[in-house]
Amino acid sequence: MLKRAIEQLAVYKIEEDTEELPIGGLHSLYLEKTSEIIYIVKNSALYGIISTGEVFRHSLNMDVKINKDFTVLTGFNVIHAHQIFRKRANIHKIPVVNERGELLGDYSRWDDMLYIKRNGALLSRMESVAQMLAQYDIVYIVEPVDKQYMEYSPLLKYLEQFQVRHHVLKKDQLVGKWTEQALCIFSDEDEKRGSLCFCELESSRNESFGHIQRRARFITYKDLLKQIIREAELNALGLGSVDAASYARVDEKATILLSVLKDKGIKCFRLYKDEPVQTEYGKDFNYKAKERLKRYPIDPESTWPKKKENEKFYDELYRQDDYEREIAQKEIFDANSVFGYKKDITGEYFNARDGRRITCFQPEEYIGTIYCFGPCTVMGGFVEDQYTFESYLQQKLLQKGYRYRVENYGTTLRPDAALDSRLQEIDKFSANDIVLILGRQGEMIDVPGSSLEKIFERNKIPIEWVTDSYMHCNHKANERIADSLLEMIEPSLASGKEEDSGSREIKIDFHEIMKHYVQDKYLRLYFRDFPYGAYSTIGAIVMNCNPFSKGHRYLIEQACRQVELLIIFVVEEDLSVFPFEERFKLIAEGTKDLKNVMMVPSGDFILSKNNFQEYFTKEEDKVIALNAEYDINVFADYIAEPLHITHRFAGEEPEDRVTSIYNTAMRKILPQKGITFVEIPRINAGSEIISASKVRKYLEEENYERAFAFLPETTKQYFAQQICI
């Protein structure tokens, strides 16, 4: 996040009230101070704004409408700004006014330089840039308004290093380049969006541009570097054929695990929710689902749907006494609330063994197993055992003479984290086995499949058969899903003859596969030049630092004294008040005087939302201990072991229950893995224990004296700049 003074903003002054502004005035302003937002000021007071949306909604040769309904802050408050950005993804700028409504400046969501500076040295090794840019006839570097703020000379040197043909372009030359197969690189997101507005207004003024088809691609320097890193990462994992548009969505772990199964001859299929381009049926279905939820909102504390709200969901089942009296629904709901990993449940309508939902009609003898993985739809959250799609599929297989067993490995809890451990549980596969996994469209590469949206459209499934989406459906929808799945996998089913017995066992060591996966995805990126074997003692601290306080500094100092090298793994998930790049910078600034410290992002493998989501939600759910243990085992087996980490440090946690559970799990597991776990007592500021949550509380209350008592000088300086002290 950036704090900007009024002098840095694009400001348009008016003398009288108005609803619209002339295109001509905006046109020149976008050139002088290119920005996504133009602030309209009357007598020094903020009158309204014009954003990208207003510009693109204006009609040809018509003036641009002023938006007078927008979010504003009275006074610079860094916590309030971050909270708004976290809750409102569509807000990119927050104007700041004084008590008289006079514009003082703003907060901008984007601070691309933090990312660029952190990754500059790393990216100088990425040779894939030339290959990635080869698809463009020419590369343009669009000259920024403020050359001192955005030193774009590193970008020029970067392109020269890889001999990429490029030119520096001024913004008023942009529209003439739209038809070229060109890549236009901007200093940051604000410049890019502001330039798009300029081009839109230029097209409106010049009829010859009105029907130009744009072929050029607009991208920021940060996004270019992110794409280069992602491409290099996927290449290292052997997944280099991924379309660039899908980079962010690829689930490498699932892809790699399924690839190993496929290489061993086991057929794999996927089921995903939506189509990449939503169909008219899909748009209509989702609209109806939203409207229905407005009338009948889901109550997480009670069964849904209820008879008085939606009898059509259970339809003919309501003629049964237990459904009429809602006994069946209550049992299913209650079982769902306690259903968990390794848990047994016994009942009339919901049964589970070892944390796996029972599939009805399973044969005693079979020639292969169909393993079903994924959340809600797979587990069958709203139906009894015999009406899950697995039970329907089992019935249909037997009716057609296929001697297969279907196993339900569905779970609403930790489906991503559990995939490798669930596959390891199976231990031995047979040649006839099939794996079916539910994910999002585009996540898994080169795995045939179908979407729930397509299945629903083909069967004309009505909205009354779901609660709120394709993922949460009734028994009738599950039967249609089973029909479609059988049609999809039938060509891969063995006939059951003697030669198709599938007795050949296939043993796969998923633990070893995960080792190589973490090495290629994570260690190769951040520990490429690590001096393996140079230290006899190496410590690790995993820190969120939301924000970096004196307590964090003390913990690091104490750890440094006990090991030769200390690695600080900074939690990379952007689920905290302060985003990762800011937290990383504050830790770097606050520890730069310490000689035996190195810092790296935690990536997907340490305190990530997939591994241990409760760290961010602070909810003590039924699998919190299991998730904590999973995260710690991943750290110990795949990161600490190859790096020869000997110690892991953590601060004592007297207040946060979730962190306390995590520390307890470390105390139990790490010594078993040969890692010394060290808990360091918290320090006080006066009579209070120093904690990041208290810092945030005092900052929100604008009690800066108390907040700053908890902060080292480097963090104080950062906040002083953000709040005008």
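Summary of the structure given here.

1. Observations concerning the nonpolar core
Line of reasoning, step 1. Counting 71 residues, the largest nonpolar core has L261, F429, I567 and F569 as the members making the most contacts within it.
Line of reasoning, step 2. Looking at this core element by element, the count peaks at 11 residues for helix 23 (residues 624-643).
Line of reasoning, step 3. Setting aside chain neighbours within four positions, we find I567 in contact with F527, F530, I538, G539, A540, I541, M598, V600, L643 and I645.
Line of reasoning, step 4. Judged by nonpolar contacts, the second largest core, of 54 residues, contains A328, Y349, F456 and Y470.

2. A word on the state of the cysteines
Line of reasoning, step 1. Taken as a whole and assessed by the stated rule, the structure comprises 0 disulfides.
Line of reasoning, step 2. This cysteine, C473, is not joined by any disulfide, and C376 carries the nearest cysteine sulfur, 9.7 Å off.
Line of reasoning, step 3. C473 gets classed as buried once you look at its relative accessible area, which sits at 5%.

3. Examining the sheet that holds strand 10 (residues 138-142)
Line of reasoning, step 1. Strand order in this open sheet of 4 strands is 11-10-12-13, and the pairing throughout is parallel. At either margin of the open sheet sits one strand with a lone partner, and together these are strand 11 (166-169) and strand 13 (217-220). The average angle at which neighbouring strand axes cross in this sheet is 30 degrees, direction not considered.
Line of reasoning, step 2. Pairing analysis gives 4 bridges linking strand 10 to strand 12 (residues 182-186), with the strands arranged parallel. Bridge pairing links V139 to L183 in strand 12.
Line of reasoning, step 3. Where helix 8 (residues 221-236) meets the sheet, its contacts fall on strand 12 and strand 13, and the angle it forms with strand 13 comes to roughly 90 degrees.

4. Brief notes about the pairing of strand 27 (residues 676-680)
Line of reasoning, step 1. In the sheet, strand 26 (residues 647-651) pairs with strand 27 via 5 bridges, with the strands oriented parallel. Looking across to strand 27, one finds that H647 is bridged to T676.
Line of reasoning, step 2. Once the chain exits strand 26 it traverses helix 24 (residues 657-669) before rejoining the sheet at strand 27, and the crossover so formed is right-handed.

5. A short note on the environment of D427
Line of reasoning, step 1. Relative to the elements of secondary structure, D427 occurs in the loop between helix 15 (415-426) and strand 19 (428-430).
Line of reasoning, step 2. The sequence separation of D427 and C724 amounts to 297 residues, and the corresponding C-alpha distance is 60 Å.
Line of reasoning, step 3. Apart from residues no more than four positions distant in its own chain, D427 is found in contact with I506, K507 and I508.

6. A short note on helix 25 (residues 692-700)
Line of reasoning, step 1. Taken as a whole, helix 25 has its buried residues at A692, K694, V695, Y698 and L699. The buried residues of helix 25 all sit within an arc of 160 degrees when viewed along its axis, so they share a single face.
Line of reasoning, step 2. Where the residues of helix 25 are buried, they touch helix 3 (78-87), helix 19 (550-560), strand 29 (688-689), helix 26 (704-708) and helix 27 (713-723).
Line of reasoning, step 3. Count one or two residues on from helix 25 and you reach E702, which has phi positive near 60 degrees.

7. Quick look at the sheet that holds strand 2 (residues 10-14)
Line of reasoning, step 1. With mixed pairing, 3 strands are arranged side by side in an open sheet as 2-4-5. Whereas interior strands pair on both sides, the edge strands pair on one side only; in this sheet they are strand 2 and strand 5 (45-50). On average, each strand axis in the sheet is tilted by 30 degrees relative to the strand beside it, whichever way the strands run.
Line of reasoning, step 2. In the sheet, strand 2 pairs with strand 4 (residues 38-42) via 5 bridges, with the strands oriented parallel. Paired with V11 across the bridge in strand 4 is Y39.
Line of reasoning, step 3. The sheet contacts of helix 1 (residues 23-32) involve strand 2, strand 4 and strand 5, and relative to strand 2 the element is tilted by about 150 degrees.

8. As for the side chain of T659
Line of reasoning, step 1. Examined against the element boundaries, T659 turns out to sit in helix 24.
Line of reasoning, step 2. Taking the relative accessible area as the measure of exposure, T659 reaches 15% and is therefore buried.
Line of reasoning, step 3. Beyond its immediate sequence surroundings of up to four residues, T659 is in contact with Y615, K618 and E653.

9. Some words on the environment of H167
Line of reasoning, step 1. Tracing the chain through its elements places H167 in strand 11.
Line of reasoning, step 2. Take H167: its relative accessible area is 41%, and that puts it in the partly exposed class.
Line of reasoning, step 3. With 11 residues separating them in the primary sequence, H167 and L156 have C-alpha atoms 9.2 Å apart.
Line of reasoning, step 4. Other than its neighbours up to four places away in sequence, H167 contacts I138, V139, Y140 and I141.

10. Quick notes on the packing of helix 20 (residues 580-591) against helix 27
Line of reasoning, step 1. Running from N to C, helix 20 and helix 27 cross one another at 135 degrees; their axes reach a closest spacing of 8 Å. Between helix 20 and helix 27, the crossing angle belongs to the class labelled oblique. For the pair helix 20 and helix 27, contact is made by E582, L586, E589 and G590 and by T714, T715, Y718 and Q722, respectively.
Line of reasoning, step 2. Split by residue class, the contact of helix 20 with helix 27 holds 2 nonpolar, 4 polar and 2 charged.

11. Let's talk about the pairing of strand 9 (residues 103-108)
Line of reasoning, step 1. Summarising burial for strand 9: 5 of the 6 residues are buried, a large majority.
Line of reasoning, step 2. Sheet topology note: the strand 1 (residues 2-5)/strand 9 ladder contains 4 bridges and is antiparallel. Looking at strand 9, one finds that R4 is bridged to D106.
Line of reasoning, step 3. As paired strands, strand 8 (residues 93-97) and strand 9 are joined by 5 bridges and run antiparallel to one another. Pairing of V96 across the sheet is with G105, part of strand 9.
Line of reasoning, step 4. Where strand 8 folds back onto strand 9 in an antiparallel hairpin, the turn is made up of 5 residues, including G101, whose phi is positive at roughly 85 degrees.

12. Thoughts on the packing of aromatic side chains
Two aromatic rings, taken as a pair, are described by how far apart their centres are and by the angle between their planes.
Line of reasoning, step 1. A complete count under the given rule lists 30 aromatic pairs for this structure.
Line of reasoning, step 2. On the numbers, 6.3 Å between centres and 65 degrees between planes, the contact of F429 with F510 is edge-to-face. Within this pair, whereas F429 is found in strand 19, its partner F510 is found in helix 18 (residues 510-526), the two being separated by 81 residues in sequence. No difference in accessibility class separates F429 from F510, as the two residues are buried.
Line of reasoning, step 3. An angle of 75 degrees between the planes, with centres 5.0 Å apart, marks the rings of F456 and Y470 as edge-to-face. Note that F456 is positioned in helix 16 (residues 452-458) and Y470 in the loop between helix 16 and helix 17 (475-489), a separation of 14 residues in sequence. With respect to burial, F456 and Y470 carry one shared label: buried.
Line of reasoning, step 4. Three or more aromatic residues joined by ring pairs form one cluster here, namely Y517, Y522, Y526, F527, F530, Y532, F569, F605 and F635.
Line of reasoning, step 5. We note R118 situated over the ring of F584; from NZ or CZ to the ring centre the distance is 5.4 Å.
Line of reasoning, step 6. In this structure, R648 is placed above the aromatic ring of F635, and the distance from its NZ or CZ to the ring centre is 4.6 Å.

Conventions and cut-offs
Residues numbered from 1 in each chain as written. Predicted model: local features only at pLDDT ≥ 70, side-chain atom pairs only at ≥ 80, totals over all residues. Heavy atoms only, no water. Core = buried A, V, L, I, M, F, W, Y, C linked by side-chain atoms within 4.5 Å. Buried < 20%, exposed > 50% of the residue type's maximum accessible area, 1.4 Å probe, protein only. Helix = DSSP H or I, 4+ residues; strand = E, 2+ residues; numbered from the N terminus. Contact = heavy atoms within 4.5 Å. Disulfide = S-S within 2.5 Å. Pairing = 2+ DSSP bridges. Axes fitted to C-alpha atoms, helices over the stretch in contact; angles between N-to-C directions. Right-handed = clockwise from strand over helix to strand, strands pointing away. Arc of directions from axis to C-beta. Parallel < 35°, antiparallel > 145°, perpendicular 65-115°, else oblique. Nonpolar A, V, L, I, M, F, W, Y, C, P; charged D, E, K, R; others polar. Phe/Tyr/Trp six-rings, centres within 6.5 Å; stacked < 30°, edge-to-face > 60°. Lys NZ or Arg CZ within 6 Å of the ring centre and 35° of its normal.

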